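Understanding the architecture of this molecule
Each chain, written out:
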Amino acid sequence: MQTHEIRRRFLDHFVKAGHTEVPSASLILADPNLLFVNAGMVPFVPYFLGQQTPPYTRATSVQKCVRTLDIEEVGKTTRHNTFFQMAGNFSFGDYFKEEAITFAWSLLTGSVEDGGYGIDPEKLWATVYLDDDEAYSIWRDKVGVPDERIQRRGMKDNYWSMGIPGPCGPCSEIFYDRGPAYGVEGGPEADEDRYIEIWNLVFMQNERGEGGAKDDYPILGPLPKKNIDTGMGVERVAFLLQGVENVYETDLLRPVIEKATELTGAVYGATHDDDVRFRVIADHARTAAMLIVDGVNPGNDGRGYVLRRLLRRIVRSARLLGADKPTMREFMAVVRDTMAPSYPELATDFSRVETVAVGEETAFLKTLGTGSKLFEGAVETVKSQGRNVLGGTEAFTLHDTYGFPIDLTLEMASEAGLTVDEEGFRSLMAEQRQRAKDDARARKHAHADLTVYKELLDRGPTEFTGFSELVSEAHVLAVITGR
Ligand code: SER
């Protein structure tokens with residue numbers, strides 16, 4: 001079943017059950033705590049907290065999400081995507097555990113002819129929070145999952161929050177068993193590579209405070225109402241239903257891999273290292289396109305840095321696979337073709353996506369070759385001296401002169417069996433920032449050409465009325481540009 005079809009069936013299933021279909025929000029929301037939208041429930045937080053009244057009590061969406069915490073895992077495991085689509089159904093003080101569980105079950109196991117996914121119920125496992133006897137008995141007595149396929153797990157796995165203060169609650173997860181060829185028996189508790197989590201049902205009923213780890217924060221008290229927040233991983237269901245080995249080989253990403261084989265001459269499936277590079281390209285090309293279309297530009301911090309890092313990892317992976325020409329334009333075009341049926345903005349806004357991505361590729365290609373030589377030379381020197389730490393000065397030069405994000409240097413060093421003097425690097429960065437500040441200050445006070453203002457000042461004083469008035473009438477004397 002194609003990914004677009006999986007999305008459509010999800011939304012139809014819940015619309016039929018009285019939910020309002022809500023379009024995906026942008027990946028970028030005006031929340032300084034959140035780099036990117038990373039779960040389907042994020043746009044609904046004020047409804048869960050009771051800060052706003054929702055215009056519906058049941059909603060369903062397929063939300064664009066980006067999570068880059070595990071970027072190093074991309075391509076190495078079966079299931080790490082930096083961009084993914086989270087299909088969800090939400091109840092704001094309407095239904096609770098029983099309906100959430102039975103709605104999910106009927107979609108997963110319902111026949112394909114009737115709009116379901118047609119998954120064999122014997123392959124599905126459920127987990128519940130330690131003392132959630134209510135959820136446990138719904139699974140066993142209402143749905144009919146046998147005791148041996150229901151597991152109780154602790155706060156780390158079965159209590160969900162956004163990782164920051166806000167709504168939270170115990171959850172129940174649904175796992176798909178890929179079979180003995182993929183790992184040991186024993187359910188998700190034993191092996192999460194064989195048993196793949198596909199759907200998380202959160203019984204959102206409490207509010208949490210500040211805390212550190214996933215299982216270490218205070219529960220402040222109950223939310224005004226009991227809510228439901230679920231999230232089904234569209235990419236994961238797609239790879240399982242399509243019978244492929246991982247999330248990078250589905251109908252949406254495999255074409256990027258094909259394009260990369262064509263452009264680089266390398267073969268997918270030949271060596272582990274090359275396969276990881278192909279999958280990195282497929283995953284990152286899509287994430288980069290989705291970020292650019294939502295307004296992110298490459299930069300040196302925050303969201304821009306994440307985008308820059310993704311794009312530069314693509315360039316480097318393509319080089320390592322043997323590309324000797326730019327490849328970004330073609331990768332972006334494949335992403336557009338596969339993703340536009342669900343995200344038409346990728347087609348309508350394609351020229352911007354292409355310009356930004358190709359611009360970054362061009363800039364990086366200019367310095368990648370020389371930077372890599374410098375890196376290799378430095379590695380050789382360090383090794384010949386019997387050391388295993390690359391100096392902060394080298395990391396700084398790679399960053400400052402050759403545009404290598406520090407994470408790229410860290411990755412390359414680790415591939416070469418070295419670590420990096422990160423402290424040294426950071427102190428050089430701090431020195432450079434200070435120099436830039438001093439320089440800007442000097443230019444402001446000492447070198448600016450102020451003569452242009454003289455004629456205007458000669459016309460008499462400009463009175464500032466802002467202390468006593470909010471609106472004043474005034475004449476614009478001049479508009480000065482380029483100072
Ligand atoms: N918010 C939960 C999650 O992200 C379920 O949607 O897993």
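The structure this text deals with has already been given above.
Given the structure is predicted, the values throughout are model-derived calculations rather than measurements.

Reading the values: rules and limits
- Residues numbered from 1 in each chain as written.
- Predicted model: local features only at pLDDT ≥ 70, side-chain atom pairs only at ≥ 80, totals over all residues.
- Heavy atoms only, no water.
- Helix = DSSP H or I, 4+ residues; strand = E, 2+ residues; numbered from the N terminus.
- Buried < 20%, exposed > 50% of the residue type's maximum accessible area, 1.4 Å probe, protein only.
- Contact = heavy atoms within 4.5 Å.
- Lys, Arg positive; Asp, Glu negative; His and termini not counted.
- Charge placed at Lys NZ, Arg CZ, Asp CG, Glu CD.
- Near = heavy atom within 4 Å.
- Polar contact = N/O pair within 3.5 Å; in protein donor to acceptor, adjacent residues only side chain to side chain.
- Areas by Shrake-Rupley, 256 points an atom, 1.4 Å probe, with all protein chains shown as cover.
- Nonpolar A, V, L, I, M, F, W, Y, C, P; charged D, E, K, R; others polar.
- Expected span 1.5 Å × (residues − 1).
- Axes fitted to C-alpha atoms, helices over the stretch in contact; angles between N-to-C directions.
- Parallel < 35°, antiparallel > 145°, perpendicular 65-115°, else oblique.
- Left-handed = near helix turned anticlockwise from the far one by under 90°.
- Pairing = 2+ DSSP bridges.
- Core = buried A, V, L, I, M, F, W, Y, C linked by side-chain atoms within 4.5 Å.
- Phe/Tyr/Trp six-rings, centres within 6.5 Å; stacked < 30°, edge-to-face > 60°.

What follows deals with the overall build of the protein. Helix and strand counts for the protein stand at 16 helices and 11 strands. Principal-axis analysis of the C-alpha atoms gives the protein an extent of 85 × 70 × 45 Å. Expressed as a percentage of the 483 residues in the protein, the buried residues total 50%. Once local pairs closer than 6 in sequence are excluded, the contacts in the protein between residues at least 24 apart make up 70%. Taken together, the 54 basic and 74 acidic charged side chains of the protein have centroids lying 4 Å from each other.

Along the chain, G211 turns up in the loop between β8 (195-208) and β9 (219-233). Given the relative accessible area of 40%, G211 is considered partly exposed. A C-alpha to C-alpha distance of 38 Å links G211 and V353, two positions 142 residues apart in sequence. Contact partners of G211, with chain neighbours within four places excluded, come to D216 and Y217.

Lining the immediate surroundings of the ligand are A39, M41, R67, M86, W160, N200, V202, D229, T230 and G231. The separation between an oxygen atom of the ligand and a polar main-chain atom of T230 is 3.3 Å. Protein contacts shield 95% of the accessible area of the ligand, which totals 230 Å² for the unbound molecule. Those elements that place two or more of their residues in the shell around the ligand are β8 and β9. Among the elements that make up the shell around the ligand, the one with the highest residue count is β9 (three residues). Classifying every residue of the shell around the ligand gives five nonpolar, three polar and two charged.

In this section: helix α8 (residues 272-293). The terminal C-alpha atoms of α8 lie 32 Å apart, and with 22 residues this matches the ideal 32 Å at 1.5 Å per residue to within 8%. Among the 22 residues in α8, 19 count as buried, and that is most of the element. Once α8 finishes, G295 follows within two positions and takes phi at roughly 105°, a positive value.

Time to look at the side chain of Q151. By the element assignment, Q151 lies in strand β5 (residues 150-153). Note on Q151: relative accessible area 15%, which makes it buried. Here G186 takes part through its backbone oxygen, which lies 2.9 Å from a polar atom of the side chain of Q151. From its side chain, Q151 meets the backbone nitrogen of E189 in a polar contact 3.0 Å long. Apart from the residues within four sequence positions on either side, Q151 is in contact with W125, A126, T127, V128, G186, G187, P188 and E189.

Right, let's get into the environment of L374. Mapping L374 onto the fold places it in helix α12 (residues 350-384). Classification of L374 as partly exposed rests on a relative accessible area of 28%. Considered as a pair, L374 and G93 are 281 residues apart in the sequence and their alpha carbons are 60 Å apart.

Here we come to the packing of helix α7 (residues 254-264) against α8. In helix packing, the relevant descriptors are the interaxial angle and the interaxial distance, both defined with respect to the helix axes. Where α7 meets α8, the axes come as close as 9 Å, and the angle between the chain directions of the two elements is 125°. Regarding the angle of α7 to α8, the classification is oblique. The handedness of the crossing between α7 and α8 is right-handed. Contacts from V256, I257, A260, T261 and T264 in α7 reach F278, R279, I281, A282 and A285 in α8. Residue composition of the contact of α7 with α8, by class: seven nonpolar, two polar and one charged.

With 10 of 10 residues buried, strand β3 (residues 83-92) lies mostly within the body of the structure. Residues F83, Q85, A87, N89 and S91 of β3 are buried on one face, and the alternating residues F84, M86, G88, F90 and F92, pointing to the opposite face, are buried as well. Bridge count for strand β2 (residues 58-66) against β3 is nine bridges, and the pairing is antiparallel. Its bridge partner lying in β3, V62 is registered against A87.

Turning our eyes to something else, we now look at the nonpolar core. Among the nonpolar cores identified, the biggest contains 114 residues, and Y117, W139, I174, I198, W199, M232 and M332 are the most heavily contacted of them. Per element, the largest residue contribution to this core is 12 residues, and it comes from α8. Beyond its immediate stretch of four places on either side in the chain, M332 contacts A285, A288, A289, L311, F350, V353 and A357. Residues V42, F44, M86 and C171 belong to the second largest nonpolar core, which totals 24 residues.

This paragraph deals with the packing of aromatic side chains. Tallying each qualifying case throughout the model produces 19 aromatic pairs. Plain terms: the ring middles of F10 and F14 are 4.8 Å apart, the flat faces sit at 40° to each other, and that makes the pair tilted. A residue pair is termed a helical-turn pair when its members lie 3 or 4 positions apart in one helix, as F10 and F14 do in helix α1 (residues 3-16) at four residues. Relative accessible area serves as the criterion here: at 0%, F10 is assigned to the buried category. Judged by centre distance (6.4 Å) and plane angle (85°), the ring pair of F83 and Y343 falls under edge-to-face.

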